[in-house]
Amino acid sequence: MHAKKIVMVTAYDYPSAKIANAADVDMILVGDSAANVIHGMKSTKEIGMHEMLLHVAAVSRSKPKALVVADMPYGSDTTPLKALGNARLFIKAGAGAVKIEGAKPQAIEAIAKAGILAMGHLGYLPQTAEKPAVERDEKALLRDAKALEAAGASWIVLELVPEKIAKKISQTISIPTIGIGAGRYCSGQVLVFHDILGLGDPDFNPKFLKKYASLGEGAVKAIKKYAKEVREGKFPEKKNVY
Ligand code: KIV
């Protein structure tokens, strides 16, 4: 018998949230990965509160059963007070929790003390790292995970962490860990919506990723067929005319 794992997937807009919710996930992360997958930006550093609030509001409008977690973008949590103010904006936009990237126990504490559910994020930190890399500093990861738990975090995302270290953290702290590239022993897993569905960059194939569909190929095929039919005068047909 397996312990029930937490399933989290990202979503950034109304249709992706509807799909995630219909698939019965536990949590929808409105990730700052929207910078890359939605806006075509090079870095998650480039997305701000303005865009993230629009994404959170669109996801929340789908009224999902899943908990909506809003990702605090780069620069939105530089002081505990600023973090709390921005967390409140996300809650007002419909989020049920916020995620803070990096070891920022004071910001987590301010948010948790205000009664807002807070998720930590350790390991590879895209907002500040030069490039993706596995984080192998076990001592620092354990120290930071314990500090986030003590500050009031309700979950911690572990990104690109060796399985052995993620397992140790998961066995040491009492709040759930949610892994991405952190192996099999976390309390749950998270993946990016477009990556799972094969809608993202076809050259993005990290070891941790499993693509469960190749919808991008099907979408190109469908639009090509539409274009061909328009050009050949086959669409619209009589039945499509008022
Ligand atoms: O923004 C995001 O999608 C994330 C996940 C990779 C955890 O932070």
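Read on for a plain summary of the structure. Please read all numbers here as calculations on a predicted model, not as lab measurements.

**Observations concerning the sheet that holds strand β6 (residues 155-159)**
So, point 1. Spatially, eight strands are ordered β1-β2-β3-β4-β5-β6-β7-β8 in a closed barrel, and the strand pairing comes out parallel. Each adjacent strand pair in this sheet contributes to an overall mean axis angle of 25°, direction not counted.
So, point 2. As paired strands, strand β7 (residues 177-180) and strand β8 (residues 188-191) are joined by two bridges and run parallel to one another. In the sheet register, Gly-179 faces β8, and the bridge partner there is Gln-189.

**Some remarks on the packing of helix α6 (residues 138-151) against helix α7 (residues 163-172)**
So, point 1. Between α6 and α7, the shortest axis-to-axis distance is 10 Å and the interhelical angle comes to 30°. With respect to α7, the axis of α6 lies roughly parallel. The hand of the α6/α7 crossing is right-handed. Counting all contacts with α6, which are made through Glu-138, Leu-141, Leu-142, Ala-145 and Lys-146, the residues of α7 involved are Ile-165, Lys-168, Ile-169 and Thr-172.
So, point 2. Within the contact of α6 with α7, the residues separate by chemical class into five nonpolar, one polar and three charged.

**As for the packing of aromatic side chains**
So, point 1. According to the stated counting rule, one finds one aromatic pair in the structure shown.
So, point 2. Relative to Phe-235, the ring of Tyr-226 lies with its centre 6.0 Å away and its plane at 70°, an arrangement referred to as edge-to-face.
So, point 3. Taking relative accessible area as the criterion, Phe-235 reaches 35% and is therefore assigned partly exposed.
So, point 4. Lys-167 extends its terminal NZ or CZ atom over the ring of Tyr-185, reaching a point 4.4 Å from the ring centre.

**Digging into the site of the ligand**
So, point 1. Close contacts around the ligand come from Thr-10, Leu-29, Gly-31, Asp-32, Ser-33, Asp-71, Lys-99, His-121, Val-157, Glu-159, Ile-180 and Val-192, and that covers them all.
So, point 2. Residue Asp-32 places a side-chain N or O atom 3.0 Å away from an oxygen atom belonging to the ligand.
So, point 3. Contact distances for the ligand include 3.1 Å between an oxygen atom and a side-chain N or O atom of Asp-71.
So, point 4. Protein chains shield 94% of the accessible area of the ligand, which is 260 Å² for the free molecule.
So, point 5. Split into classes, the residues belonging to the shell around the ligand amount to four nonpolar, four polar and four charged.

**Observations concerning a nonpolar patch on the surface**
So, point 1. A cluster of nonpolar side chains, contributed by Ile-223, Tyr-226, Val-230 and Phe-235, occupies part of the molecular surface with about 390 Å² of accessible area.
So, point 2. Relative to the helices and strands, Ile-223 resides in helix α9 (residues 215-231).
So, point 3. Judged by relative accessible area, which is 57%, Ile-223 ranks as exposed.

**A short note on the pattern of salt bridges**
So, point 1. Within this structure, the stated rule accounts for ten salt bridges.
So, point 2. For Lys-4, the salt bridge goes to Asp-26, with nearest N and O atoms at 3.7 Å. One end of the pair, Lys-4, is in the segment before β1 (6-10); the other, Asp-26, is in the loop between α1 (14-22) and β2 (27-30), and 22 residues separate them in sequence.
So, point 3. Residue Lys-4 is classed as exposed on the basis of its relative accessible area of 74%.
So, point 4. With a closest N to O distance of 2.7 Å, Arg-184 and Glu-163 form a salt bridge. In this pair, Arg-184 sits in the loop between β7 and β8 while Glu-163 sits in helix α7, placing the two residues 21 residues apart along the sequence.

The rules behind each value
- Residues numbered from 1 in each chain as written.
- Predicted model: local features only at pLDDT ≥ 70, side-chain atom pairs only at ≥ 80, totals over all residues.
- Heavy atoms only, no water.
- Pairing = 2+ DSSP bridges.
- Helix = DSSP H or I, 4+ residues; strand = E, 2+ residues; numbered from the N terminus.
- Axes fitted to C-alpha atoms, helices over the stretch in contact; angles between N-to-C directions.
- Parallel < 35°, antiparallel > 145°, perpendicular 65-115°, else oblique.
- Left-handed = near helix turned anticlockwise from the far one by under 90°.
- Contact = heavy atoms within 4.5 Å.
- Nonpolar A, V, L, I, M, F, W, Y, C, P; charged D, E, K, R; others polar.
- Phe/Tyr/Trp six-rings, centres within 6.5 Å; stacked < 30°, edge-to-face > 60°.
- Buried < 20%, exposed > 50% of the residue type's maximum accessible area, 1.4 Å probe, protein only.
- Lys NZ or Arg CZ within 6 Å of the ring centre and 35° of its normal.
- Near = heavy atom within 4 Å.
- Polar contact = N/O pair within 3.5 Å; in protein donor to acceptor, adjacent residues only side chain to side chain.
- Areas by Shrake-Rupley, 256 points an atom, 1.4 Å probe, with all protein chains shown as cover.
- Patch = residues over 30% accessible without salt bridge, like charges linked within 9 Å, V, L, I, M, F, W, Y side chains within 5 Å.
- Salt bridge = Lys/Arg side-chain N within 4 Å of Asp/Glu carboxyl O.

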